[in-house]
Every structure is written in structure tokens, then in C-alpha cells.
Amino acid sequence: MYKTHTCGELRQTDAGQTVTLAGWVHRRRDHGDLIFIDLRDRFGLVQLVADPETSPKAHAALGQVRSEWVLQVVGEVRSRPAEMVNPHLATGEIEVVATAVTVLNQSETPPFLINKEEPVDENTRLKYRYLDLRTPRMQRNLTLRHQVIKFIRDYLDEHGFLEIETPILFKTTPEGARDYLVPSRVHPGMVYALPQSPQQLKQLLMVAGIERYFQIARCFRDEDQRGDRQPEFTQLDIEMSFVQREDVMDLIEDMYTKMIPVVTPHKRFLRTPWPRLTYQEAMDRFGKDNPDIRFGLELVDITDLAKGSGFSVFAGAVEQGGHVRGINVKGQGGYSRKQLDALTDYVRQHGAKGLAYIIVEESGELRSPITKFFSEDETKAILERMAAEPGDLLLFVADKPAVVYDTLGRLRVHLAEELSLGDPDVLGFCWVIDFPFAFWDEEEKRWDPSHHLFTSPLPEDKALIDTAPERMRGAQYDLVLNNNEVAGGSIRIHDQALQAKVFSLIGLEKEVAEQRFGHMLEAFQFGAPPHGGIASGLDRLVMLLADESNIREVIAFPKNQNARDVMADAPSPADAGQYKDLHIKLDLPEEKK
RNA sequence: GGUCCCGUGGUGUAGCUUGGCUCAACAUGCCGCCCUGUCAAGGCGGAGAUCGCGGGUUCAAAUCCCGUCGGGACCGCCA
């Protein structure tokens, strides 16, 4: 070993010891005679000091070094006098008097500062990712990610789970997201697909009698990027046999409830046990199936009051089967006309025709462009339903139910951001259950499963598949944390007859189903146990625990928004011979001139 | 496929609205000299950007216009 101790571990009690350290020059303070160097390794910082009188060679060597050079230093640990203790440093009570210095490597001046937390252009960070990863922020994030995964592995191991790897080269499934394809050399014109998730394989492991499976699984989806979406990402993938949905939910809840105090002790749960909302309740109260429950601003239904009222915009919307719902923005009656216009623009961008408002002045007077259309009683009823008090701002949208939910749900989150309502250290975990089994796809004229093809209806709703599929609920559950879906799963269908009915409901023809999922259907004929599972997006979870707003910050080598790796410059063209081996002829789009 | 924002020394920004006083300012980093207790060390000095790229308007463009490239956020998409 190049070192006897790490840079972060030396304390007062080590004083007098001769130690050998190795690490990077984090910062140097050259006083001409005395030289101080902060030496950094992953475990911390320690101050080296070189005195020309006692060890001229070490002093001369440290006079030459620059930021990010790699050093090995032999020296003696010395207590610092009380007035020179650095309380900001774990090793601040001591310093190491250098007696021998070996330069293990020099370094170019880095393109950005590693020893300072200042914003750097993200492209530059990604291009020099190996330097970016030296920063305290990234080391912190990678450490947290490791701790999360380690806790999960230990916990699931203790609970009888087996970690099993599944193939990266698998079969394409045109349902769902776009696949990343890998052309076959041996089979001309044929492709493997990288898994969007190990969904089928984990179910087959249940047929295989594994009973309790998990995997830290890499998943691939060729879709456009977002702050919380990368082309490849990591899921905690779990599948269990002989379980009902509560068993799966309880497991995850117990695991994460125990994990978070260990990995992020400064975070606290909004509520335990975690609330379980039905889909309908989530929509009615928050307008979304992935709500942020840390703050109020809940939606209030005034459809019944708007119906037949004097305000034709509201009444007309109800007439056509729409809803009218509002949000009481408590104490924000001071919003200016300009701010209200901005909010109106915001909901318009998302499909609402407009945003009605009523401001209750401190005096109790109403300021609103719409109250004149209501009778006094109608206005009173609305204020009462909205629990309006002086100083409040009431906002309303009237439209088709889907538009009302969507726009008010977004507006609620938007307002909370504007008003800084969500405490980042509070974790508002909740479960959303009882999803509709399928949504009607108006364009395709067919039912579209809300989770996936193998999700079972709720046991009590199974019979509805023949009579009223629109009322059937799925045995699906989503775990939501502060406006983000962090896990989702379901109890699966293990009954062939039911599976056939589901395929038929969603318009998947028997031959096509056979071709794509023949291996699944065949497997289910050999004693498939009742089973279900869940998958949890680890990047997203770690991102939220790390207080980051982009999953790139918790992935060592992420892609940019354009799905490029700017460090390695991937994707890149292959050699002509490689294409030939794969039987590929290119048909590239014309170069734009 | 669409909408919006950004692009100025190595890094982070100012300047742009209202073109000329700017061969571009500040901070930090870098280089050199001085300095024995600093820890974002300090002092003095120095180098470093033809303002993403191309075209246009103009006597004159970092600044105005058009195009283009790159980056970011979002919508669509992501069962």
C-alpha cells in the first residue's frame, strides 16, 4: 500500500505517530517559508505542513506541487495549538509535518475548480466527468447511492430474497417504450433488444419457483430525455410468489422506512405509515396520480354549485359533462394582475381555456371578474365550499374532467414551487392504489392497460371484464414521493383464461400474442404460482434523497439530453466491416444544407 | 416533432434592451516575485477572450436582423 492512513481518519489521539499518506493536492497555501497543503483522498482532507528548517527537502518538493498533483507523503502527526484548530475539518485538530514527499503524478491545471463548489457548465462537467466526480458533491452522491443499494441488498437478503441476474440481450417488445436494438451477426436481419425492464424474466423466475427474487437491474428505453429520465437507468426489481398487493407494499414500505434514517438521517417522513390513496382520491384531491402531499392547495369540486349557475362558462362546461374545480391559495390574495396573468398562461399552455379567480380582500370585499355572474347565494356557497377567508386567492378551472385534473394538478405544483411550500427534508411518501385497469385510447379505439399486459384486475373486479371493463380496477400500486413516482408494481395474472381475456380486451390478436409472448403463455401452463412484484427507480429515489433535481447527478457516467455520452463521444459510427458483419446497410437522412 | 431559455479569457459572470466613450469589465483560476501559522491565506506584477459559427444591416456590431450549431428546461413521447 502507498499509505498507512487515509486523509480523513487522523485525530488528536494519533499525535506523535509517523504516517504515510497518499492523495491529491486539494489546495495549497504557500507562505514562502511555511507551506500548507490540504491533501485529499476519498476519505477526507488533512493539512500537511512543510518547514524549511526541519525538513528542507520536503519543503522544496511541496513548493513545486500544484492543484491535483498526486503525492505520497511521509510525516509526523502533530497536535495543533488550540488557536490553530480548524473546526470545519474532521482532521482539524492535527496536521502532518511532512518529512518526505514523493510526487506520484503531476496534473494539468483542471478545466474547472475541484476544490470549490461553484456552478460549472454541465457540458464541461460531463466531458471531464472523471474530474467532476472528484468534487465533494459527486462523491457524496455516489456514496449515498452505494449506501442505498447496500442497505437494499442486506435487507432483502435477510428476508429470503435471491439476487438473480437476467439477460441484457433479450427479445424486442413493441409495446411500451421504444427498444434499443442490437443486431445479430449470426442471424442476419434479426435483433436482440435491451430490456426496458426485466418484467417477463422476473415472472418466469416465479414460475421457476424462486419465490423471492430481486435485482439491481439496468433498464433501457429509447425515448426523449427529461431531468428524471435517462436512456439507461437502474431499477430495484422485485418479484414475489404467493403474495397479495399489501404484502408487496408492506415490504417496500418497511424497507425504505428503515433505510432512510440510516442513509439520510436529516430527512423525516411526513407520515408513517404511509397514506394509501385510491387513484380517484389522488385525482380528486391533487389532480395527479403522483401527488405531492407535503402541502395543501388541494382541489375542491364545485361542479354541483356551478351547474345551472348564472356564469355560463361554468354552467356550460358542466352541461357538456365537464367539471369545475378550484384551489384555495391560502393567504395569497395579494397576487398582482401580472402574476394572475402568468398563472392563466400557465394553465392555457396545458390545455385549459382559462383561469377564473376570486380574491377575498382583507376587508372581506371580493375582487373578481366572475362574481358578477353569480347570485349572492351562489357566491356564498362557492366561498363556503372553498373555505375562503379574507386574504385568500381562489382559482378555478372549468373543462373536461381530464383537463381540469391535469391543469389544476400542475398549477398546484407550480404554485407550491413559487411559494416554496415543500420542505425538501420532508418525505411525503404515499401509495396510490386502485388504478383503473385500462384507459380508453380514443385514437387507437381500444383499451390501453394502465400498467402492463400481465397486471391482474382486483380480485373483486375480475368479473367486470366481460360486462363493464371501464369500471374494472387493476391490482396495481404506485409509490409516490414528493411529486415523483419512485416505484410501481402489480399483482400479475397467473390464470391463462383471464390473460386471454385481457389480450382480447386490449385488442392483441391471438397470433400476435403467441409470437411475442408465447414463451410466457407456455410457461404459465406449468403451474405458475400467484405472484406480484414491484420496481423502484433507484436513480430517482437517490436523486430525491440527495436533494438533486436531475438524475444525472447521481449517475457516474450519464448521457446528456441528446442521449450522448460527451466524454467518450458515443454513439459513434462503426467501421464498415462491423456493419458488414451485422448485415447492415445504412440509409442515412440527407445532410441538411 | 414542438415551445422557451442560454452560448463573452481555463471557470463563473457583467456589458447586449438604447450600436461608437469597450482591440471588452469583474471575480476566480493560471504564471512570476515577496511573505513563518495559514486553512477561500495575504501583497505586488503578468499572461490569457477578434464575444459559438456563418451571412446580412450599418460609416461602425459582443450589442440589431436572418440562418446554423451546441447546451439546458418543458410539451409530445416514456405500457
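Sequence positions are assigned chain by chain, starting from 1 and proceeding in written order. Naming scheme: in the order in which they are written, chains are lettered from A and ligands are numbered from 1. The model is predicted, so local features are restricted to residues of pLDDT at least 70 and side-chain atom pairs to those at 80 or more, both for listing and for counting; the totals for chains, interfaces and linings are taken over all residues. Side-chain metrics in this entry use all non-hydrogen atoms of the structure; hydrogen atoms and water are not considered.

Digging into helix α16 (residues 538-545)
Burial runs high along α16: 7 of the 8 residues are buried. The rule is simple: take the accessible area with a 1.4 Å probe, protein chains only, and divide by the maximum for that residue type; under 20% is buried, over 50% is exposed, in between is partly exposed. Here a strand is any run of E in DSSP of at least two residues, a helix any run of H or I of at least four, and the numbering for each starts at the N terminus. Among all positions in α16, only Leu538, Asp539, Leu541, Val542, Met543, Leu544 and Leu545 are buried. Two residues or fewer past α16, aspartate 547 is found with a positive phi of approximately 60 degrees.

Structural notes on the sheet that holds strand β22 (residues 476-481)
Read across the open sheet, the 8 strands follow the order β6-β9-β10-β24-β23-β22-β19-β12; overall the sheet is mixed. Both edges of this open sheet fall to β6 (162-163) and β12 (276-278), since each of them pairs with a single strand only. Here, strands pair whenever DSSP counts at least two bridges between them. Note that strand β9 (residues 212-220) and strand β10 (residues 232-241) share 9 bridges and pair antiparallel. In the sheet register, tyrosine 213 faces β10, and the bridge partner there is glutamate 239. We call two residues in contact when some of their heavy atoms are within 4.5 Å. To obtain an axis, a line is fitted to C-alpha atoms, over the contacting stretch when the element is a helix, and the angle between two such axes runs from 0 to 180 degrees between their N-to-C directions. Helix α5 (residues 199-207) rests against β9, β10 and β24 (531-537) of the sheet, and its axis sits at about 25 degrees to β10.

Overview of the domain arrangement of chain A
You can read the domains of chain A as domain 1 (12-105) and domain 2 (295-421). Domains are outlined according to an automatic or database domain assignment. On a C-alpha basis, the centres of domain 1 and domain 2 stand 63 Å from each other.

Examining unusual backbone geometry
Of the consecutive residues threonine 272 and proline 273, the connecting peptide bond is found in the cis state with omega at -10 degrees. Tracing the backbone through its elements, the reader meets proline 273 in the loop between β11 (268-269) and β12. Going from alanine 570 to proline 571, the amide bond is cis rather than trans, its omega being 0 degrees. Mapped onto the secondary structure, proline 571 falls in the loop between α16 and α17 (576-581).

Here's the deal with the packing of helix α4 (residues 136-158) against helix α6 (residues 245-263)
Relative orientation of the contacting elements α4 and α6 amounts to 135 degrees, with a least axis distance of 10 Å. Classed by the angle they form, the pair α4 and α6 counts as oblique. The chirality of how α4 crosses α6 is right-handed. Between α4 and α6, the residues in contact are Leu144, Gln147, Val148, Phe151, Ile152, Tyr155 and Leu156 and Leu251, Asp254, Met255, Tyr256, Lys258, Met259, Val262 and Val263, respectively. Here the angle decides the label: under 35 degrees means roughly parallel, over 145 means roughly antiparallel, 65 to 115 means roughly perpendicular, and every other value means oblique. Crossing handedness: left-handed means the near helix sits turned counterclockwise from the far one by under a right angle, and right-handed means the same turn made clockwise.

Concerning the protein's contact with RNA strand B
It suffices for a single heavy atom of a residue to lie within 4 Å of a molecule or strand for the residue to be listed as near it. In the region of RNA strand B, 47 residues are neighbours, and Arg27, Met84, Asp121, His451 and Asn550 sit closest. The sugar-phosphate share of atoms of RNA strand B within 4 Å of the protein amounts to 51%. In the model, a phosphate oxygen of RNA strand B is placed 2.4 Å from a nitrogen or oxygen of the aspartate 121 main chain. Within the side chain of aspartate 224, an N or O atom sits 2.7 Å from a base nitrogen of RNA strand B. Only β1 (18-30), β2 (35-41) and β21 (446-449) provide two or more residues apiece to the surface near RNA strand B. The dominant element in the surface near RNA strand B, judged by the number of residues it contributes, is β1, at 3 residues. Residue polarity is assigned by list, with Asp, Glu, Lys and Arg as charged and Ala, Val, Leu, Ile, Met, Phe, Trp, Tyr, Cys and Pro as nonpolar; anything else, Gly included, falls into the polar class. In terms of residue class, the surface near RNA strand B is made up of 9 nonpolar, 17 polar and 21 charged. Here a polar contact is recorded for every N or O atom pair within 3.5 Å, except that within protein the pair must consist of a potential hydrogen donor and a potential acceptor, and residues adjacent in sequence are included only if both atoms are side-chain atoms.

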